[in-house]
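# Architecture at a glance
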Amino acid sequence: MSHTPSKSSAASAENAAATRGTRLFLGISCFLAGAAMMVIEICAYRLLAPFFGNSVYTWTALIGVILIAFSAGGYLGGHLADRKMALDLLGWLLAGSAVLTFFIPALHTVFAVGMSAQGLIAGPVMISLLLFAIPGILLGAVSPAAVRFYSLTLKDTHVGAAAGTISMLGSLGSFVGTFLSGFFLLSTFGVRSIFFGTATLLMLLAIAAFVLAKNTLKQQAPVILSGLFAFGMSWMTAPKPKPGVIYEHESFYHHIEVSERSEGNVKRRILQLDSTMEGGMDANTGDLILPYQQYWKLALLREPAKVGSALFIGAGAFGMPENVSREFPEAAVDVVEIDPQVIEVGRKFFKLDEHPHVKAHAGDARRYLLQNEGKKWDLIFGDAYNGIRQIPPHLATQEFYQQIADHLEPKGVFIMNLIASISGPKAELTSGMIATVRKAFPYVEVFAVGYRRDETQNVILMASREDLKPLIVDRYVKQGSWQEQLIRTHVPAGTVPRSSYVFTDDHNPVDAIIARGLLE
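Okay, so let's go over this structure.

Analysis parameters
Residues numbered from 1 in each chain as written. Predicted model: local features only at pLDDT ≥ 70, side-chain atom pairs only at ≥ 80, totals over all residues. Heavy atoms only, no water. Helix = DSSP H or I, 4+ residues; strand = E, 2+ residues; numbered from the N terminus. Buried < 20%, exposed > 50% of the residue type's maximum accessible area, 1.4 Å probe, protein only. Areas by Shrake-Rupley, 256 points an atom, 1.4 Å probe, with all protein chains shown as cover. Patch = residues over 30% accessible without salt bridge, like charges linked within 9 Å, V, L, I, M, F, W, Y side chains within 5 Å. Salt bridge = Lys/Arg side-chain N within 4 Å of Asp/Glu carboxyl O. Axes fitted to C-alpha atoms, helices over the stretch in contact; angles between N-to-C directions. Parallel < 35°, antiparallel > 145°, perpendicular 65-115°, else oblique. Left-handed = near helix turned anticlockwise from the far one by under 90°. Contact = heavy atoms within 4.5 Å. Nonpolar A, V, L, I, M, F, W, Y, C, P; charged D, E, K, R; others polar. Expected span 1.5 Å × (residues − 1). Pairing = 2+ DSSP bridges.

## Observations concerning the overall build of the protein chain
- Check the secondary structure of the protein chain and you find 16 helices and twelve strands.
- Expressed as a percentage of the 520 residues in the protein chain, the buried residues total 51%.
- Accessible surface, the protein chain: about 23,500 Å² in total, of which carbon and sulfur atoms supply 61%.

Put into structure tokens, the structure is as follows:
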């Protein structure tokens, strides 16, 4: 005799399936909310870097604000879940974070310039609070609310298991979001597109929550319309192309921009990384167009006046290494540049492929020196910057300059470009760098490219194991020659305030010094 399932058993099976579906959705929501928060945090750094630099202060502000927001979100989510035990609560949390994420690029465009005037410490904190605090709170509320709903599907008999499962999935999502951002998204898509994609994903999750909560289309309409409105407003406020810009690209390290302007017979082509002009050349001839670029020629004040090999740390627009190669066609010229995309830009826009003896290497300068332990050069030129006057701290230490000294020929010279002042309160960076470089080189001379004393400008340090003063102070050169033009910018000894503080790998306050200099 056959047995026909009762209506109650069919309903029970249907409820069990619905319960399993709810748990699956809760797990997916927590996983994707954790991933979305890390995508927002890591990509936010690319939004802030052009205005506040890639310093430790930018990262500290971002991480600190996100942690505070997540903490507040955890408290909020737990309380809301106790007061409203319905799945559409997750929908409202996810929808709110989606709408605000759509608005992040637009708000950044409106407020970043004004807040950059607040300095490198207060500025990043203030704009991080404005852009990321509330989305972070809403996303932080997802997990505790999900724990409550997950526990309800188990009739509150496995609260610990519910909390452990949701916590694990949220952490795994954060891990995936971190790796996805750093190793794929930032090198593949523009920052605005990443924020729009993240917001769209959160909005779709919100709609799914409303569907599971059996909300009608009429109830969902405000959420969908608000998302469309936020997307439209943010899209309309997209930055307009700047006049003269012929190329723009978002790399993992920089917002890269190449611009061009004709001045008579000179076609000035400039490379800008974030908000900093990194170099340029005459696009017609390849000639140098920025005054500080001429200072590699300080190496030619020695006898014999030639360069057989050179290393440039930081590619800029490849103007200086190419200039060396034109002057000395047989010279081996190496360039180490952290951003592979800058090298590609050099090939496409700055004639790199026309100079076969100029070899570009993608990587970190210290790592490159370690990998080429026995190699030595006649000239090493340091010109590595990130963002607004920000020197990578590990490239501004006694240990690094000792590496430089170990890779120079006995009569070789090290030349370094700083953006600083030579006197007054803004000279702290210059004096500290001189003291640090002197730990590896007994002789250091200073040149002020802009001839000014108290103002920020290009400051050139020239260092060697041999006394440089006879080359500069006691040497007669023809008036109007390039030698005379460089030598007359020499800063006499005693002009720069002395510093006994030496930057080391263990303690290096270069970020703090630059931040103070920008506020003064």
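## Notes on a nonpolar patch on the surface
- There is a patch of nonpolar side chains on the surface, built from Phe175, Val176, Phe179, Leu180, Phe183, Phe184 and Phe189 and spanning about 690 Å² of accessible area.
- Counting through the fold element by element, Phe189 comes out in the loop between α6 (159-188) and α7 (191-212).
- Here Phe189 falls in the partly exposed class, since its relative accessible area comes to 40%.

## As for the packing of helix α2 (residues 56-83) against helix α4 (residues 119-140)
- Orientation of α2 relative to α4, taken along the N-to-C sense of each, is 30 degrees, at an axis distance of 7 Å. With respect to α4, the axis of α2 lies roughly parallel. Regarding α2 and α4, the two cross each other, and that crossing is right-handed. On α4, the residues touching Tyr57, Thr58, Ala61, Leu62, Val65, Ile66, Ala69, Phe70, Ala72, Gly73, Gly74 and Leu76 of α2 are Leu120, Ile121, Pro124, Val125, Ser128, Leu129, Phe132, Ala133, Gly136, Ile137, Leu139 and Gly140.
- In the contact of α2 with α4, the residues fall into 18 nonpolar, six polar and no charged.

## Here we look at the packing of helix α3 (residues 88-116) against α4
- Closest axis-to-axis distance for the α3/α4 pair is 7 Å, and the angle between their directions is 165 degrees. With respect to α4, the axis of α3 lies roughly antiparallel. Like other packed secondary-structure pairs, α3 and α4 cross with a definite hand, here right-handed. Across the interface between the two elements, Leu93, Gly96, Ser97, Leu100, Thr101, Ile104, Leu107, His108, Phe111, Ala112, Met115 and Ser116 from α3 touch Gly119, Gly123, Met126, Ile127, Leu130, Leu131, Phe132, Ile134, Pro135, Leu138 and Leu139 from α4.
- Per-class residue counts for the contact of α3 with α4 are 16 nonpolar, seven polar and no charged.

## Some details on α7
- End to end, α7 covers 32 Å across 22 residues, agreeing with the expected 32 Å (1.5 Å per residue, within 8%).
- With its phi angle positive at about 60 degrees, Lys214 sits one or two positions after the end of α7.

## Quick word on the pairing of strand β10 (residues 443-448)
- The buried fraction of β10 is high, at five of six residues.
- Bridging between β10 and strand β11 (residues 457-464) involves six bridges; their strand directions are antiparallel. Looking across to β11, one finds that Phe447 is bridged to Ile460.
- As judged from the two bridges shared by β10 and strand β12 (residues 490-491), these two strands associate in the antiparallel manner. Among the inter-strand pairings, Phe447 is bridged to a residue of β12, identified as His490.

Interpretation in functional terms is not warranted from these geometric data alone.
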